[in-house]
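The lines below spell out each chain.
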Amino acid sequence: MVVVIIDGSTILSFVNNETQFQKSIEEAFASLDLDNDGVLSRSELRRGSESLRLIETHFGVDFSTPAEEVAKLHDAVFEKFDCDKSGTVDRKEFGNEVRNILVAIAEGLGFCPIQMALEDEDKISFLKLAADFEGSKVFAA
Ligand SMILES: [Ca+2]
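Residues numbered from 1 in each chain as written. Predicted model: local features only at pLDDT ≥ 70, side-chain atom pairs only at ≥ 80, totals over all residues.

- By the naming in an unreviewed UniProt entry, the protein goes by EF-hand domain-containing protein and is assigned to Handroanthus impetiginosus.

## Points about the nonpolar core
No. 1: If you look at the biggest cluster of nonpolar residues, it comprises 25 residues, and the most contacted ones within it are Ile11, Leu102 and Ala130.
No. 2: When contributions to this core are tallied by element, the ones reaching two or more residues are β1 (2-6), α1 (8-15), α2 (18-32), α5 (67-81), α6 (91-109) and α7 (126-134).
No. 3: In contact with Leu102, not counting residues within four places along its chain, are Ile11, Val15 and Phe126. (Core = buried A, V, L, I, M, F, W, Y, C linked by C-beta atoms within 7 Å. Buried ≥ 20, exposed ≤ 12 C-beta atoms within 10 Å, placed from the backbone. Helix = DSSP H or I, 4+ residues; strand = E, 2+ residues; numbered from the N terminus. Contact = placed C-beta atoms within 7 Å.)

## Details of the packing of α1 against α6
No. 1: Following both chains from N to C, one finds α1 and α6 inclined at 155 degrees, their axes separated by 8 Å at the closest point. Between α1 and α6, the angle falls in the class roughly antiparallel. Crossing of α1 against α6: the hand is left-handed. Packed against α1, whose contacting residues are Gly8, Ile11, Leu12 and Val15, the element α6 presents Arg99, Leu102, Val103, Ile105, Ala106, Glu107 and Leu109 at the interface.
No. 2: The residue inventory of the contact of α1 with α6, partitioned by class, reads 8 nonpolar, 1 polar and 2 charged. (Axes fitted to C-alpha atoms, helices over the stretch in contact; angles between N-to-C directions. Parallel < 35°, antiparallel > 145°, perpendicular 65-115°, else oblique. Left-handed = near helix turned anticlockwise from the far one by under 90°. Nonpolar A, V, L, I, M, F, W, Y, C, P; charged D, E, K, R; others polar.)

## With respect to α2
No. 1: Between its first and last C-alpha atoms α2 spans 21 Å; for 15 residues at 1.5 Å apiece the expected length is 21 Å, and the two agree.
No. 2: Among all positions in α2, only Phe21, Ser24, Ala28, Phe29 and Leu32 are buried. The arc that holds the buried residues of α2, viewed along the axis, is 130 degrees, so those residues lie on one side. The exposed set on the far side of α2, more than 90 degrees from its buried face, consists of Thr19, Gln22, Lys23 and Ala30. (Expected span 1.5 Å × (residues − 1). Arc of directions from axis to C-beta.)

## A look at the UniProt feature "domain: EF-hand" (unreviewed entry) in the protein
No. 1: The feature "domain: EF-hand" (unreviewed entry), as annotated in UniProt, sits at residues 20-55 and 69-104 in this numbering.
No. 2: Along residues 69-104 one finds 75% helix and 6% strand; the C-alpha atoms at either end are 23 Å apart. (UniProt positions renumbered as here; feature names shortened; annotations may be inferred.)

## Comments concerning unusual backbone geometry
No. 1: If you check the backbone angles, Asn36 has positive phi at about 55 degrees while not being a glycine.
No. 2: Here Asn36 lies in the loop between α2 and β2 (39-40).
No. 3: Positive phi outside glycine occurs at Lys85, with the angle close to 55 degrees.
No. 4: When you line up the elements, Lys85 lands in the loop between α5 and β3 (89-90).
No. 5: By C-beta crowding, Lys85 is classed as exposed, having 6 other C-beta atoms within 10 Å.

And the structure:
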């Protein structure tokens with residue numbers, strides 16, 4: 001497990017670095033697109049939002065939340081990503097929405113740093129990438 005210390009400005013400097021951000025989006029997208037068809041299906045995105053912990057961070061879901069409630073939230077996340085309602089999420093939609101989410105998180109944090117514990121198996125953690133990007137704020141725990 002690693003602990004990152006992160007605040008709004010850390011996230012924004014990551015999102016605003018176009019080269020770095022697009023590279024991270026490319027990598028995350030490629031690792032989520034399991035069948036390599038160039039778009040994310042509902043289940044591929046669900047896997048992604050689980051590793052990004054979108055649901056937890058956005059909706060405060062925990063172990064006591066009923067499964068059907070969680071499924072509904074995953075559906076809502078998919079609808080949000082699938083901007084053109086094509087039934088799949090392409091690279092551009094994915095990048096745009098991840099950016100929106102990160103900016104929203106950054107605005108929520110403001111300049112108040114928080115500690116965030118990340119599991120090693122969180123392969124796609126944009127927050128960790130953001131912390132890595134700023135450097136020297138990631139600690140092994
Ligand atoms: Ca796919």
